[in-house]
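Chain and residue survey
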Amino acid sequence: MSDNTITVRFFARLREELKTDQLTIDARPGLTAGDVLAELAHQGGPWSQLQGDQPVMIAINQAMAKPGSEVKAGDELAFFPPVTGG
């Protein structure tokens, strides 16, 4: 893997609906988790749910993060649906 990429992983329902568990994107200065969400959602179809009514939880290097959190080369960015209990 190139040193200038970010691994994006999808879990649970997102992985099933997007039909992929991971992809890589090029890192750029100032890139945030929210930027990645917006770029992926812009592809339309099932990807649009990443910015839909249901919130998506974010982790960077296995630590919970917010949309404004910066992602850098070598990071693992994970998106997953919120955990619901009952």
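A brief look at the structure comes next. Keep in mind that what you see is a predicted model, and the values were worked out from it rather than measured. Residue indices begin from 1 for each chain and proceed along its sequence in written order. Restriction of local features to residues with pLDDT of at least 70 applies here, the model being predicted, together with a cutoff of 80 or more for giving and counting side-chain atom pairs; totals for whole chains, interfaces and linings are based on all residues. Just so you know, side-chain values use all the structure's heavy atoms and leave hydrogens and water out.

1. Quick notes on helix α2 (residues 33–41)
Quick note on the threshold: For each residue, the accessible area found with a 1.4 Å probe, counting protein chains only, is set against the maximum for its type, and the residue is called buried under 20%, exposed over 50%, and partly exposed in between. By the criteria applied, helices consist of DSSP H or I runs no shorter than four residues and strands consist of E runs no shorter than two, each listed in order from the N terminus. The arc in question is formed by the directions pointing from the helix axis toward the C-beta atoms. Throughout, a contact is declared for two residues whenever any of their heavy atoms are within 4.5 Å.
For α2, the complete set of buried residues consists of A33, G34, V36, L37, L40 and A41. Burial along α2 is one-sided: seen end-on, the buried residues are contained in an arc of 160°. Buried-residue contacts for α2 involve β1 (5–10), β2 (22–26), β3 (57–60) and β5 (76–80).

2. Some points on the sheet that holds β5
Note the following rule: At least two DSSP bridges between two strands are required for those strands to pair. Every axis corresponds to a line fitted to the C-alpha atoms, with the helix fit spanning only the stretch in contact, and the corresponding angles, defined between N-to-C directions, vary from 0 to 180 degrees.
Sheet architecture is open: 5 strands sit in the order β2-β1-β5-β3-β4, paired in mixed fashion. In this open sheet, the two strands that pair with only one neighbour each are β2 and β4 (63–65). Averaged over all adjacent pairs, the angle separating strand axes in this sheet is 30°, with direction ignored. Against the sheet, α2 contacts β1, β2, β3 and β5, and its axis sits at roughly 60° relative to β5.

3. Description of the environment of P29
Structurally, P29 can be placed in the loop between β2 and α2. We classify P29 as exposed; its relative accessible area is 85%.

4. Regarding the pattern of salt bridges
Counted only if it meets this: One speaks of a salt bridge when a side-chain nitrogen belonging to Lys or Arg is within 4 Å of a carboxyl oxygen belonging to Asp or Glu.
Scanning the entire structure with this criterion turns up 4 salt bridges. With a closest N to O distance of 3.5 Å, R9 and E76 form a salt bridge. With a gap of 67 residues between them, R9 in strand β1 and E76 in strand β5 connect regions that are remote in the sequence.

5. Notes on the pairing of β5
Burial runs high along β5: 4 of the 5 residues are buried. In this structure, β1 lies alongside β5, joined through 4 bridges in parallel fashion. In the strand pairing of β5, T7 is matched with E76.

6. A word on the packing of aromatic side chains
Ring pairs (aromatic) are described by centroid distance and by the angle formed between their planes. Here is the rule we go by: Stacked, edge-to-face and tilted are the three classes for Phe, Tyr and Trp ring pairs, Trp counted by its six-membered ring, which pair at centre distances within 6.5 Å; planes under 30 degrees apart are stacked, over 60 edge-to-face, the rest tilted.
A complete count under the given rule lists 2 aromatic pairs for this structure. When the ring of F10 is compared with that of W47, the centres are 5.6 Å apart and the planes differ by 75°; the resulting orientation is edge-to-face. Separated by 37 residues along the polypeptide, F10 in strand β1 and W47 in the loop between α2 and β3 bring together distant segments of the chain. In this pair, the class of F10 matches that of W47, namely buried. On the numbers, 6.2 Å between centres and 35° between planes, the contact of F10 with F79 is tilted. With F10 in strand β1 and F79 in strand β5, this pair connects stretches of sequence that are 69 residues apart. Both residues of the pair, F10 and F79, count as buried.

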